[in-house]
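# Structural features, examined
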Amino acid sequence: VGDKISLILAPLVSSFDGIAVPMMAGRGLGHTGGTIDKLETIPGFRTDLGCDKFHDVVSSTGLAIVSPGSDVAVADRKMYALRDVTYTVRSLPLQTSSIMSKKIAENPDSLVLDVKFGRASFNKDTDESIELSKRMIQTGELCGKTTTAFITRMDHPIGNAVGNWLEVLECINVMKSGKGPKDLVNLCLVQAAQMLIQCGAVPSGTLKEGIIMARENLSNGKAYGKFREMVVSQGGDLRCIDKPEDYPRAKFKADVIAASKGFISDINALEIGHIGVMIGAGRNCSEDAIDATAGIWFHRKVGDRVEASDVIATIYTEREETLNSAADSVFQAFSFSEVPVEPEPLITNFVTKDGVSNFSMSIFED
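What counts and what doesn't
Residues numbered from 1 in each chain as written. Predicted model: local features only at pLDDT ≥ 70, side-chain atom pairs only at ≥ 80, totals over all residues. Heavy atoms only, no water. Helix = DSSP H or I, 4+ residues; strand = E, 2+ residues; numbered from the N terminus. Rg over C-alpha atoms; globule rule 2.2 N^0.38 Å. Buried < 20%, exposed > 50% of the residue type's maximum accessible area, 1.4 Å probe, protein only. Contact = heavy atoms within 4.5 Å. Pairing = 2+ DSSP bridges. 1 Å grid on protein atoms, 1.4 Å probe; cavity = no way out; pocket = protein on both sides within 12 Å on 5 of 7 lines; lining within 4 Å. Points joined across faces, edges and corners; volume = space filled by probe spheres on them. Nonpolar A, V, L, I, M, F, W, Y, C, P; charged D, E, K, R; others polar. Axes fitted to C-alpha atoms, helices over the stretch in contact; angles between N-to-C directions. Expected span 1.5 Å × (residues − 1). Arc of directions from axis to C-beta. Polar contact = N/O pair within 3.5 Å; in protein donor to acceptor, adjacent residues only side chain to side chain.

## Focus on the overall build of the protein
Scanning the protein from terminus to terminus reveals 13 helices and 13 strands. At 20 Å, the protein has a C-alpha radius of gyration in line with the 21 Å of a compact globule built from 366 residues. Considering only C-alpha atoms, the protein reaches an extent of 55 × 50 × 40 Å along its principal axes. Counting all 366 residues of the protein, 53% fall into the buried class. Long-range pairs, those at least 24 residues apart, make up 73% of the contacts in the protein between residues at least 6 apart in sequence.

Encoded structure:
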């Protein structure tokens with residue numbers, strides 16, 4: 001929910017000389033968002049390139065984000081449909097084969113995986129996510145790909161935006177300024193750093209130096225430049241990227257107001273994902289259309305102090321009839337405390353073929 005990491009990560013890593021980032025992504029279903037849906041809010045942007053065109057774009061631009069074509073991981077499509085009707089969506093072996101079949105089809109030299117846990121994830125705790133990571137790493141290594149994984153929390157929405165165009169807009173803002181919500185930026189930096197290490201681009205081979213290098217290219221405009229190149233190479237209209245303020249807006253909106261002063265102790269990502277479906281930002285079945293402009297913008301995050309009457313979120317939709325119910329539900333998804341709250345660590349573990357280590361968020365401190 002709010003997971004827009006790929007939109008920044010791919011151009012950020014490919015902004016380094018000699019590194020190409022081929023990426024396949026999916027569409028949203030239920031409470032989860034989809035990278036392809038987000039990119040397709042850019043007028044003209046094509047994600048159905050086919051294998052040959054995918055290869056050509058990556059070769060010329062250094063990156064592409066596409067949807068798997070009908071000729072990619074064909075068996076997985078049939079197996080996923082069976083998983084849905086046999087209630088085995090959460091099966092770890094079947095998750096492993098589904099995810100890794102598409103990752104290996106990209107034919108990268110190495111892989112860095114972001115494996116979620118928490119109430120808005122398939123995997124509800126770190127043990128389950130670590131076990132899934134081990135299985136995927138073993139699969140990747142057996143296919144000759146150096147594979148590692150970060151175990152990351154999916155209890156709260158990532159960043160400030162939830163909703164397709166809103167998330168693209170947030171990523172544009174981050175890449176233009178080099179700044180943004182700490183959770184979003186840190187997830188991008190740490191995964192970019194590990195990708196750079198596995199590409200041999202970090203002289204010291206340390207994650208700390210990789211983060212410094214990634215932060216530099218996020219701040220100096222190189223990542224944004226690569227994003228623009230990707231949009232052009234995949235047929236997108238740059239006008240909405242360079243002047244996002246001109247993008248069509250949802251007809252209806254409603255602010256969610258804090259009832260009293262205090263500190264935000266929780267924002268339930270699973271509930272927010274369901275609300276997103278209600279207002280048109282998501283879909284309950286694969287045939288449902290989505291509203292590009294629908295979504296929720298969070299003005300406050302977990303740990304922030306609020307005063308009574310502060311606007312803590314704004315809802316955008318074309319479905320006027322859902323506004324009141326959605327506003328009430330978003331408010332109910334927040335929890336408040338009278339005392340300061342420290343957000344739980346976003347990244348808990350790093351997993352390689354050699355084992356599992358604890359991850360310290362202090363690495364992001366200057």
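Still more to cover.
## A short note on the side chain of threonine 61
Take threonine 61: it is sitting in helix α3 (residues 50-61). The contact partners of threonine 61, leaving out residues within four places of it in the chain, are Lys226, Glu229, Met230 and Ser233.

## What about the pairing of strand β12 (residues 347-352)?
Taken across its six residues, β12 has five buried, putting it largely inside the fold. Across four bridges, strand β4 (residues 146-153) lies against β12 in antiparallel orientation. Bridged to isoleucine 151 within β12 is asparagine 349. Note: β12 against strand β13 (residues 355-358), four bridges, orientation antiparallel. Across the sheet, asparagine 349 pairs through a bridge with asparagine 358, a residue of β13. Connecting β12 to the antiparallel partner β13 that follows it, the hairpin turn spans two residues.

## A short note on the layout of surface pockets
Considered as a void within the structure, the second largest pocket measures approximately 740 Å³ in volume. Lining the second largest pocket are 27 residues, and of these Lys182, Asp183, Val302, Pro343 and Glu344 lie nearest its centre. When residues in the lining of the second largest pocket are grouped by element, the largest group, three residues, is from helix α8 (residues 182-198). Its residues assigned to classes, the lining of the second largest pocket shows eleven nonpolar, six polar and ten charged.

## Here's the deal with the sheet that holds β4
One open sheet accounts for four strands, arranged β3-β4-β12-β13; its pairing is mixed. On the outer flanks of this sheet lie β3 (110-117) and β13, each paired with one strand and no other. Between one strand axis and the next, the sheet turns through 20° on average, direction left out of account. Sitting on the sheet, helix α6 (residues 126-142) is in contact with β3, β4, β12 and β13, with an inclination near 165° to β4.

## Let's talk about helix α9 (residues 207-219)
Counted at 1.5 Å a residue, the expected span for α9 with its 13 residues is 18 Å, and the 18 Å between its end C-alpha atoms agrees. The set of residues buried in α9 consists of Leu207, Gly210, Ile211, Met213, Ala214, Asn217 and Leu218. For α9, the buried positions fall inside an angular range of 165° around the axis, keeping them on one side. In the core, the buried residues of α9 are packed alongside α1 (5-14), α7 (164-177), α8 and α10 (222-233). After α9 finishes, the residue glycine 221 shows a positive phi value of roughly 90°.

## A closer look at α6
Taking 1.5 Å per residue as the helical rise, α6 with its 17 residues ought to reach 24 Å, and the 24 Å between its terminal C-alpha atoms agrees with that figure. Along α6, the residues that are buried comprise Glu128, Ser129, Ile130, Leu132, Ser133, Met136, Ile137 and Gly140. Against the buried residues of α6 lie α5 (92-105), β3, β4, β12 and β13. Taking the backbone nitrogen of aspartate 127 as reference, a side-chain oxygen 3.2 Å away marks aspartate 125 as the first, capping residue of α6. One or two steps after α6, the chain reaches glycine 144, where phi turns positive at roughly 80°.

## Some points on empty space enclosed by the protein
Going through the model one piece at a time under the given rule, you end up with two cavities of 30 Å³ or more. Its boundaries defined by the atoms lining it, the largest cavity holds a volume of some 150 Å³. His31, Thr32, Gly33, Ala281 and Gly282 are the residues nearest the centre of the largest cavity, which is lined by 21 residues in total. Every element with two or more residues in the lining of the largest cavity is listed here: α2 (35-39), α7 and α12 (269-279). With three residues, the single largest contributor to the lining of the largest cavity is α12. Classifying every residue of the lining of the largest cavity by side-chain character gives five nonpolar, twelve polar and four charged. Quantified by volume, the second largest cavity comes out at close to 50 Å³.

By themselves, these observations are geometric and do not establish any function.
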